[in-house]
Amino acid sequence: MTARSGKVICDLTISADGYAAGLDQTEERPFGSDGGDGTGERLHAWMFDHADENRAEVARMAAAEAFVMGRNMFGPVRGAWDRQWNGWWGETPPFRAPVFVLTHHAREPQPMDGGTTFHFVTDGIESALARARAAADGGDIAVLGGATTVDQYLAAGLIEEPRLHIVPFTLGAGTRLFDGVPPLTFEQTAVRAATSVTHLTYRVVR
């Protein structure tokens, strides 16, 4: 029997003009000028204000066996780890699996309640993906973001299934998906329109 080999996916919410966050991001406003209060509540209203309508998509986002994220998604601390920041999600993050955080500054793994352990990877996106593959043991690996991290994986040809959640407003500027990514060809495999979002799933054809 052939061992199951999981897909490398990404799940990202973006504005209609392709931005995953606005300009001027700070610790108090991690999504910057995002058309709301800076916490991403307008971008991600589909997950919270319309949770019942989008239950299947939210469940799919949490179904991976390992995750990769950029340091900017993990938190606002820059440079050396000068304080004990353990992410935006409290003591029980929703991932319940290994999460590999891209960073230039080494740090010991951080186990959290509920099964999440944050691992800090200093030797690049391919190393983080290799470690995530090993941890996933044949399951799917999700590249969570932010957009800059997803762009790096797309540019390197490492994402197989982009899942985009497009909300019906524009930001005009900020951190943009596909910035610096060479031309790609997608096959659309699923689309669903909901009250405040359109869910698109693609397969990368190249």
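Please refer to the structure higher up on the page.
Everything numeric in this text was worked out from a predicted model, so none of it was measured.

Quick notes on the rules
Going along each chain's sequence as written, the residues are numbered from 1 onward. Thresholds applied to this predicted model are a pLDDT of at least 70 for local features of residues and 80 or more for the giving and counting of side-chain atom pairs; totals over whole chains, interfaces and linings are not thresholded and use all residues. Side-chain measures were taken over the full set of non-hydrogen atoms in the model, leaving aside hydrogen atoms and water. The helix and strand labels rest on DSSP assignments: H or I over at least four residues marks a helix, E over at least two residues marks a strand, and numbering proceeds from the N terminus. Two things to know: the radius of gyration comes from C-alpha atoms, and the globule rule equals 2.2 Å times the number of residues to the power 0.38. Only protein chains enter the calculation, and the probe is 1.4 Å; a residue is then buried if its accessible area is under 20% of its type maximum, exposed if over 50%, and partly exposed in between. Using a 1.4 Å probe, the Shrake-Rupley method yields the accessible areas, and only the shown protein chains count as cover for residues. Within this scheme the basic residues Lys and Arg register as positive and the acidic residues Asp and Glu register as negative, but His and the chain ends are omitted. By convention, the point assigned to a charge is CZ for Arg, NZ for Lys, CD for Glu and CG for Asp. Aromatic rings from Phe, Tyr and Trp, with only the six-membered ring used for Trp, were paired whenever their centres fell within 6.5 Å, and each pair was classed as stacked if the ring planes differed by under 30 degrees, edge-to-face if by over 60, and tilted otherwise. A ring is considered to have a charge above it if a Lys NZ or an Arg CZ atom is located within 6 Å of its centre and within 35 degrees of its normal. Two strands are counted as paired when DSSP detects at least two bridges linking them. When checking whether two residues touch, look at their non-hydrogen atoms; a contact exists if any pair is within 4.5 Å. To get an axis, fit a line to the C-alpha atoms, keeping to the stretch in contact for a helix; angles then go from 0 to 180 degrees between the N-to-C directions. In this analysis, the protein atoms alone were mapped onto a 1 Å grid. Cavities are point sets where a 1.4 Å probe fits without being able to get out; pockets are open sets with protein on both sides within 12 Å along at least five of seven lines; lining residues have an atom within 4 Å of a point. Grid points are joined across faces, edges and corners, and a volume is the space filled by probe spheres set on the points. Throughout this entry, Asp, Glu, Lys and Arg are counted as charged residues, while Ala, Val, Leu, Ile, Met, Phe, Trp, Tyr, Cys and Pro are counted as nonpolar. The remaining residues, Gly among them, count as polar. As used in this record, nonpolar core signifies buried Ala, Val, Leu, Ile, Met, Phe, Trp, Tyr and Cys residues forming a set joined through side-chain atoms within 4.5 Å. By definition here, a salt bridge exists when the distance from a side-chain nitrogen of Lys or Arg to a carboxyl oxygen of Asp or Glu is within 4 Å.

Draft legend 1. Molecular detail of the overall build of the protein chain. Helix and strand content of the protein chain: five helices and 11 strands. Computed over C-alpha atoms, the radius of gyration of the protein chain comes to 16 Å, within 12% of the 17 Å expected from 2.2 N^0.38 for 206 residues, which places it in the range of a compact globule. Counting only C-alpha atoms and orienting by the principal axes, one finds that the protein chain spans roughly 50 × 40 × 35 Å. Put simply, the protein chain has 206 residues, and 47% of those count as buried. Surface accessibility of the protein chain: about 10,200 Å² in total, with carbon and sulfur atoms responsible for 51%. Across the protein chain, the centroid of the 18 positively charged side chains sits 4 Å from that of the 26 negatively charged ones.

Draft legend 2. Looking closely at the packing of aromatic side chains. Scanning the model with the defined rule gives 11 aromatic pairs in all. Pairing Phe178 with Phe186 gives two aromatic rings, centres 6.1 Å apart and planes at 45 degrees, and the pair type is tilted. On the basis of relative accessibility, which here comes to 25%, the residue Phe186 falls in the partly exposed class. An aromatic cluster of three or more residues is present, and its members are Phe67, Phe74, Trp81, Trp89, Phe95, Phe118 and Phe120. Directly above the ring of Phe169 sits Arg42, whose terminal nitrogen or CZ lies 3.9 Å from the centroid.

Draft legend 3. Main features of the sheet that holds strand 11 (residues 198–204). One open sheet holds the nine strands; their spatial order is 5-6-4-3-7-1-8-11-10, and the pairing between them is mixed. Sheet topology places strand 5 (110–111) and strand 10 (186–193) at the edges, where each strand pairs with a single neighbour. Sheet topology note: the strand 4 (residues 98–102)/strand 6 (residues 117–121) ladder contains five bridges and is parallel. Paired with Pro98 across the strands is Thr117, a residue of strand 6. Against the sheet, helix 4 (residues 125–136) contacts strand 1 (8–15), strand 3 (66–70), strand 4, strand 6 and strand 7 (141–145), and its axis sits at roughly 175 degrees relative to strand 4.

Draft legend 4. Examining the environment of Val143 more closely. With respect to the helices and strands, Val143 occurs in strand 7. If we ignore the near neighbours within four places in the chain, the residues touching Val143 are Val8, Ile9, Cys10, Asp11, Val68, Thr149, Val150, Tyr153 and Ile159.

Draft legend 5. Broad picture of the layout of surface pockets. Within this model, the largest pocket holds a volume of roughly 1,400 Å³. What lines the largest pocket is a set of 48 residues, and nearest its centre among them are Phe31, Met73, Trp89, Leu144 and Gly146. Where the lining of the largest pocket is concerned, the elements lending two or more residues are strand 1, strand 2 (19–21), helix 1 (45–48), helix 2 (55–61), strand 3, helix 3 (71–74) and helix 5 (147–155). Among the elements that make up the lining of the largest pocket, the one with the highest residue count is helix 5 (four residues). For the lining of the largest pocket, the per-class residue count stands at 23 nonpolar, 20 polar and five charged.

Draft legend 6. Structural view of the nonpolar core. Counting 28 residues, the largest nonpolar core has Leu12, Val68, Val143, Val150, Tyr153 and Ile159 as its most contacted members. Elements supplying a minimum of two residues to this core: strand 1, strand 3, strand 4, helix 4, strand 7, helix 5 and strand 11. It is helix 4 that provides the largest number of residues to this core, a total of five residues. Among the nonpolar cores identified, the runner-up in size contains 17 residues, and Ala97, Val99, Val101 and Met112 belong to it.

Draft legend 7. Seen up close, the pairing of strand 6. Where burial is concerned, most of strand 6 is hidden: five out of the five residues are buried. Residues Thr117, His119 and Val121 line one face of strand 6 and the alternating positions Phe118 and Phe120 line the opposite face, and both faces are buried. Looking at chain direction, strand 5 and strand 6 are connected through two bridges and run antiparallel. Counterpart to Pro111 in the pairing with strand 6 is Thr117.

Draft legend 8. Region of the structure containing the pattern of salt bridges. Evaluated as defined, the whole model comprises seven salt bridges. Of the charged contacts in the structure, one is a salt bridge between Arg163 and Asp11, with a shortest N-O distance of 3.6 Å. With Arg163 in strand 8 (residues 161–167) and Asp11 in strand 1, this pair connects stretches of sequence that are 152 residues apart. When its relative accessible area of 5% is taken as the criterion, Arg163 is described as buried. If you follow the salt bridges from partner to partner, you end up with Asp11, Glu161 and Arg163 in one network.

Purely geometric stuff here, so don't read any function into it on its own.
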